[in-house]
Every structure is written in C-alpha cells, then in structure tokens.
Amino acid sequence: MIYLDHAATTPMRPEVWESMQPYALDVFGNSSGVHDVSRRAKNALEEAREQIAAMINAKPMEIVFTSGGTESDNLALKGVAWNRSPRSGVVTVATEHEAVLEAVDLLERFDDPATVVGVDSHGFVDREELLGALNEESAVVSLMLVNNETGLVHDLAAISAEIKAVDPEILVHTDAVQAYSSQQLDVDALGVDLMTVTGHKFGGPKGAGFLYVREGVALEPLAHGGGQELGRRSGTHDVASAVGLATAMRLAGEDRERFVAEVGLARAEFEKRVLDSVEGAVLNSPEHARSPNHCNVRIPGVRNETLLLRLDQAGVAASAGSACQSGAATVSHVLESMGLSAEQARESFRFSFGWTSTVEEAGDAADLVIDLAGQLR
Amino acid sequence: MRALVAMSGGVDSSVAAALMRDQGHDVIGVTLKLWSGPNGEAPTAGCCTVSDAEDARRVAAELDIPYYVLDYTDDFKDGVVDRFVRDYTSGQTPNPCIECNRTVKFDRLLNRLGEFDCDVLVTGHHAQVCEVDGSWALFRGADPKKDQSYVLSMLTSDQLSRLRFPVGELTKKKVRHIAAGMGMRSAHKPESMDICFVGQGDYRGFLRKQAPEVFKPGPVEDTQGNELGTHDGIVGFTVGQRRGLGVAVGEPRFVVRIEADTNTVVVGDRDDLEVTSVDVDHITWADGNAYEGPVTAQFRAHGDPVDAVLSGSTLTFDESQHAVAPGQTVAFYSGDRVMGGALISRANL
C-alpha cells in the first residue's frame, strides 16, 4: 500500500509504541493515587508534560492533556466563551476544521456572539473582515495554522499581532493539528493564548492530544469531575498516551528538518508528474505559504468518489479532503468557501504525505493517478 | 467477472454479495447514501450516520470484500423525493421505490460500472435474469411471495445484460438459511417495509414537512358534484382510501378520484372504484419491441396478475379492477417473463 492520507492520520513510530507499553502494563497506576504504582505513573505523566511544554516554549501547567484535536478545539472555544468573563464572542474562519465550526455553531445557538469570516480564492483569511468583526464582546479568535485540506499556512504571528493591536484582551486560539511535523510551534513566537495539538498526525497515538492554555486564561471545563488537569479537564489520565505523545513530539521534532526536505521532494515529484501529464489538473492548494506535505489537486472531469475507489483497489490510499462518517465523499466546505463550485469540489483530491513517504512511492502513485484519470475521462 | 454489489445492509444483498464472492468473482460492495435523515432534516455536522450502511460495511468486512459508500443524495433528491412530492401534489399515487430503482440504482450505477472497472451490477432483488435467444430477459423470482420483478419492470434488455440477481433463484427462507450458516449479522434482520426517506410509514407527515404549501384546503364532493365537506389538502389522500375523509355519511365511502386542477377529492361507494381500463405512458419494453394485444398485467408489487388487452396506450381489463390509481406502475408479463412496464396516467371508470 502507498499511504498518502497522512493528514487524516499517520502510522505510529515504533519507538512511540515502545515508550507507551510500560504504562499500559506494569506502571498501570491511577496517577491520582497515593501508592507507589500510582506515583510512578504520575511521575511519567508530569515528565511528559514538562517535555511537551519545553518543546513549544510553554510552562508545564499550561498543557492540558485531552483526547485530541476535536476535544482541544471544543475546550478552547466553549471553555473561554463560558468562563466567568463578561466577554463570550467568538470569531473564526470558514475554512476551519468542523471541530471549530461546529463548536462555534453551538455557541451561537446558545446566544453567544459568533462570526465566521470568509477567505479568498487561495484560502487566506480576509484580514480586514476578521479585524472588523472584533468588538468589546469578542473573547477569542480561532484561526487554523495549517489547513487540513489544502495545507495553506496562515501567517499566524502577524495576524495575532494585528488582533492584539485592536484589543489585547482578545485571546487567540489556533488549531495547529496539521502543523507540528513541518514547523516548530513556539507559542510566544506565534502569539497564541490557546493551541490545539494532537499526536496521531505525526507518528503518535490516536486519542492523545493537548490544549495549550496560556497562564491566566480562565477555562470552564467541558468535563467536570475529579479535578485533574487543574480542574480544566477531569478524568483519569491516560498516562501511556501522554508518554507516547511526548515521545512522538520529540521524534517528530528531531526528524523535522529531514521531513521538510524529503517529504517536500516526494510531494514535488508527485505534483510535477500529475500536473504535467493530466490535462487540466490544477492545484487547489496555494503555491506559496503551504506546508510541505499537503497536495490538494483538482482533476476536471474525474469524480473524486470514483478515482479514490479505483486508487484503493490499486493499493493507494488518498482522500477527498473531507469524508463524512459513513465514508461517502462529501463536498468540502473548505474548497466551497474558497469559491469552488460543488462540482469542482467533487473533482478535488487530497494527497497528503508523511514521515514514511518516499520519492519513489510518490512517483508510483502519480503514475497510477495519471493512468486512472485517463481511463475515467 | 468483476461485480459491483449494491449492499443495503439487509439479508438479501448480503447473501447476494456472498454468493458472487463464492462463485469466484471479484466483488466490490457499495452502499448508496441517498438521504440525510429519516425526516429529511439536515444532518447537524455535515456528516451522515446511516445505520444500515454500517450493517453493510460490517457484512462486507465479514466477507473480506472492499466496500465503499457512494453519495447519491443529489440524484435521489431530484429524481425520487422531489418527484414523490410533485406526484402527490398533482393528485397521483407515486411509487418512489420504483423510481429509485429506475433513476438511481440502475440507471446511474449501471452507467458508472466501467468507471468502477466492473462488469456487472448485482443487487439483492428477488427476480431472475436469463439470456433468451440472444436477448437478456427478466423473470419472476423463485419465491412467489418475495418476487420483486414488478419493481424492476422498467429495465431494458441492455440493462439486464449487465445485471445479476443471485438470490432471485432462492426462496427467502433459503437466503436466511445461507446467511445464518455464514454467521451473518443480517441473517435475521426484519424486512424493511417503509419508504426509506419517509420513515415510520407516515408519508403525510413527511409531505407536511417537505411541502407544507401543498396542504391547501379544498372541497370533498360526491361523484355527482355535490359538496360533502372540506379536506386540508389533496396530498393527504390516495385512491381507495376509506378512513379520514372528514365526511359523515351512512354507507362506506372511498376516495375514487383526486382532481388536482380543482383541488377536489371525489368520494363514492365501492362500485365507483371499479376501473375498466387505464391509459398508460412511459412504456418500456424489455426487448425494445413495442407490443399490442393480450397481456398479463400487474399493478401492485404483490398484487395478482390480471388478464388485459393492450391497444396503443390503453390497457383494457378483461374484468374490471378495484382502486387503480394514476401514478402507479403497471408491469406486463408473459407467464413468468417480464415483457415491460409503464406508468398509469389515467384510470377510466
């Protein structure tokens, strides 16, 4: 199998799995307990927290372990909107992940002021509209760092500075789920108060992520209970996953330079062949300001549902960008908000490369796409 | 052969997929995503959870065949649901399942067989296809109680040549037996009877939500044109209906006619439901050759076939028939062989 769906999830790095096993088997204690096996679990948890904090230039207490991207996004937005501050307004962008958009939709249904800002044809947020949407009710702005469908990278540091220049009290949240493998995440350099990261996008375990919460930011928890994570997220800790997450972050960080170079080459090979040989094929992804591993391409006259099925039959795994729970290809809200028609969105594909990708398999996959696109036209 | 199996999650299509696989064919399972919610409400997260699709997926996994969900929501909305509403609005009695078979399942999927690199389309219908004198023909299923050839009567020989119905030669009991023998989860699943997008069998509630504007009050009249009362919209009525007429009269009264032009529901007694002939349109002959003369006609999925004579577009019954309504499909048979099908455009008393 040639796996080109790394934006959906990635294979776990073997060292990550190894690092987790002791905490699934021997050191099984509840990290809130008072005895040795619990203490050892607690130590591992806090060590993972410290390692993670150091890797994003944060303090350990600013890391809230969660079940991953969706929970972190929800906790960030609902947690801020529902804290005791009088501000409860949220502003976000049309190309965000559903975890953000649906959370914002819920807040709106609960009468919290919500604004969803549009993007241009490349997917860049309309900065004028974004800043214009800010007012004295605004509590938080949520802006994705790397788009999961197109790979577009927003200039978060600059946009955050502009937001803070309008009103320094407005918090900035970023869903950085797609970013960690290709860029260092420094919360100060990015200018963010809240940041979502999940492990399985860079060789870590699924169901393990965190929300960075800048010191002083008050959050109403979504899960109330035993008061773990300083009351911000109750529930018995998944120590093995936290350890696996920290290991994956360390390994992906160490591998980053190679990743950017080699995965970039693999993608370049793929794109060159497809764009050269498939008449009319165009990139939906922006030429510049793009992560090295995402490729969103439109092949006019070829329905994504059909080509993806044929690719799967031939052993290549890719996606249509967004899939519904049933697995049916749906029309991407990201591409639609960039101005593509529903029909054009149905001719669009996401090939996403990752830490296991090679130039050779990228070339093979491209040749197959070229062959099948020819057959299907 | 490479076979694309349309899997609904029910026992028939599950066994159809298993039989094709066991005959040594390369099998791909697909489920058509047709509709978002049971009452047409938009799904909240731009996502769909179709529990039947989930059953189909699990069966495909048990059979170890690849499985995909294909999005046909637009085609289904345009070709089936909107038409269903439109037909009721114009006083007809549509059969959305037939329309779905014709426009979505067979037409669209057959046209895409090549795209999927498949040779035949397989479904779990109880009907049989055979080649007779070089032409593909449709026959009744082997289990008379489960025969579904009526709903397939609009298929042409060309379409039939690329269709296979592996369970059509089996009784339903045998199908369930095979499924149980394979430990299939769908072995004991009950039959689905409701119109899939309507849910709970209440098409009036569905219409009320989908097209509230068609619930326009109008008169209820007898066959002599005397107004007996009022109704709250013709879409609430079908020919032959006895209950809920909103008129109090001594003897049993039935809806005998719906006049969309004047928004009138006409009621009469049982005799007024007797139909001597019907006009038909959209005639499809399986072998492409138009036919006139004596035929066996069936106008309900499990109705008894009756003798009639087809002349032009008029079908005259040898004996008058009870409650036959415009919009219904009529299937033409010669013995067990399906010759063709048509839509009833007008019932003549």
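So, how was this worked out
- Residues numbered from 1 in each chain as written.
- Chains lettered and ligands numbered in written order.
- Predicted model: local features only at pLDDT ≥ 70, side-chain atom pairs only at ≥ 80, totals over all residues.
- Heavy atoms only, no water.
- Helix = DSSP H or I, 4+ residues; strand = E, 2+ residues; numbered from the N terminus.
- Rg over C-alpha atoms; globule rule 2.2 N^0.38 Å.
- Buried < 20%, exposed > 50% of the residue type's maximum accessible area, 1.4 Å probe, protein only.
- Contact = heavy atoms within 4.5 Å.
- Areas by Shrake-Rupley, 256 points an atom, 1.4 Å probe, with all protein chains shown as cover.
- Domains from an automatic or database assignment.
- Buried area = accessible area lost by both parts, 1.4 Å probe.
- Salt bridge = Lys/Arg side-chain N within 4 Å of Asp/Glu carboxyl O.
- Polar contact = N/O pair within 3.5 Å; in protein donor to acceptor, adjacent residues only side chain to side chain.
- Nonpolar A, V, L, I, M, F, W, Y, C, P; charged D, E, K, R; others polar.
- Core = buried A, V, L, I, M, F, W, Y, C linked by side-chain atoms within 4.5 Å.
- Axes fitted to C-alpha atoms, helices over the stretch in contact; angles between N-to-C directions.
- Parallel < 35°, antiparallel > 145°, perpendicular 65-115°, else oblique.
- Left-handed = near helix turned anticlockwise from the far one by under 90°.

Engineer: Is there a simple way to think about the overall build of chain A in this case?
Structural biologist: For chain A, the helix and strand inventory stands at 13 helices and 12 strands. Whereas a compact globule of 377 residues would reach a radius of gyration of roughly 21 Å, chain A reaches 21 Å, a difference of no more than 12%. Overall, chain A is about 65 × 50 × 35 Å in size when its C-alpha atoms are taken along their principal axes. Here chain A holds 377 residues, and 59% of them are scored as buried. If you take every contact in chain A between residues at least 6 apart in sequence, the share linking residues at least 24 apart comes to 73%. Working note: accessible area of chain A is about 14600 Å², and carbon and sulfur atoms make up 51% of it.

Engineer: What should I look at first to understand the overall build of chain B in this one?
Structural biologist: Along its length, chain B carries seven helices and 17 strands. Relative to the compact-globule value of 20 Å for 349 residues, chain B shows a C-alpha radius of gyration of 21 Å, a close match. Each principal axis of the C-alpha distribution contributes one length, and for chain B these read about 65 × 55 × 35 Å. Counting only contacts in chain B whose residues sit at least 6 apart along the sequence, the fraction spanning at least 24 positions is 65%.

Engineer: Mind showing me how you'd approach the domain arrangement of chain A here?
Structural biologist: Often, the extent of an interface is quoted as the loss of accessible area on bringing the components together. All names here are of chain A. Taken domain by domain, chain A consists of domain 1 (2-9 + 256-376) and domain 2 (14-254). Centre-to-centre separation of domain 1 and domain 2, based on C-alpha positions: 27 Å. Taken together, the 25 residues of domain 1 in the interface contact 33 residues of domain 2. Across the interface of domain 1 and domain 2, roughly 2300 Å² is buried in total on both sides, 51% from carbon and sulfur atoms. For the interface between domain 1 and domain 2, the tally reads zero salt bridges. Counting every contact that joins domain 1 to domain 2 gives 16 residue pairs in polar contact (both at pLDDT 80 or more). At the level of secondary structure, the elements contributing two or more residues to the side of domain 1 that touches domain 2 comprise helix H9 (256-277), strand E10 (294-298) and helix H11 (333-337). Residues belonging to the side of domain 1 that touches domain 2 are distributed by class as follows: 11 nonpolar, 11 polar and three charged.

Engineer: Would you take a moment to explain the nonpolar core for this structure?
Structural biologist: What tends to happen in soluble globular proteins is that the nonpolar side chains get buried as a cluster. Residue and element names in this part refer to chain A. Ile 56, Leu 145, Leu 185, Met 195, Phe 210 and Met 249 are the most contacted members of the largest nonpolar core, which totals 60 residues. If you tally residues by element for this core, the top one is helix H8 (residues 239-254), at 10 residues. Looking at this core, you find at least three residues from each of domain 1 (2-9 + 256-376) and domain 2 (14-254). Not counting residues up to four positions away in its chain, the partners in contact with Phe 210 are Ile 52, Ile 56, Ile 63, Val 64, Phe 65, Thr 66, Ser 72, Met 195, Thr 196, Val 197, Leu 245 and Met 249.

Engineer: Looking at this structure, how should I read the packing of helix H10 (residues 304-313) of chain A against helix H13 (residues 359-376) of chain A?
Structural biologist: Packed helix pairs are characterised by how far apart their axes lie and by the angle those axes make with each other. Residue and element names in this part refer to chain A. At a minimum axis separation of 10 Å, H10 and H13 run at an interaxial angle of 130°. By the angle class used here, H10 and H13 are oblique. Classified by chirality, the crossing of H13 by H10 is right-handed. Along its contact with H10, which presents Thr 306, Leu 307, Arg 310 and Leu 311, the element H13 presents Leu 368, Val 369, Leu 372, Ala 373, Gln 375 and Leu 376. Looking at the contact of H10 with H13, its residues break down into seven nonpolar, two polar and one charged.

Engineer: How should H10 of chain A be read in this particular structure?
Structural biologist: Along an α-helix, residues three or four apart share an orientation, since each turn contains 3.6 residues. In terms of burial, H10 of chain A is largely enclosed, as eight of its 10 residues are buried. Taken as a whole, H10 of chain A has its buried residues at Asn 304, Glu 305, Thr 306, Leu 307, Leu 308, Leu 309, Arg 310 and Leu 311 of chain A. Where H10 of chain A is buried, its residues meet strand E11 (316-317), helix H12 (342-345), strand E12 (348-352) and H13 of chain A together with strand E2 (26-33) and strand E3 (67-71) of chain B. With its phi angle positive at about 90°, Gly 315 of chain A sits one or two positions after the end of H10 of chain A.

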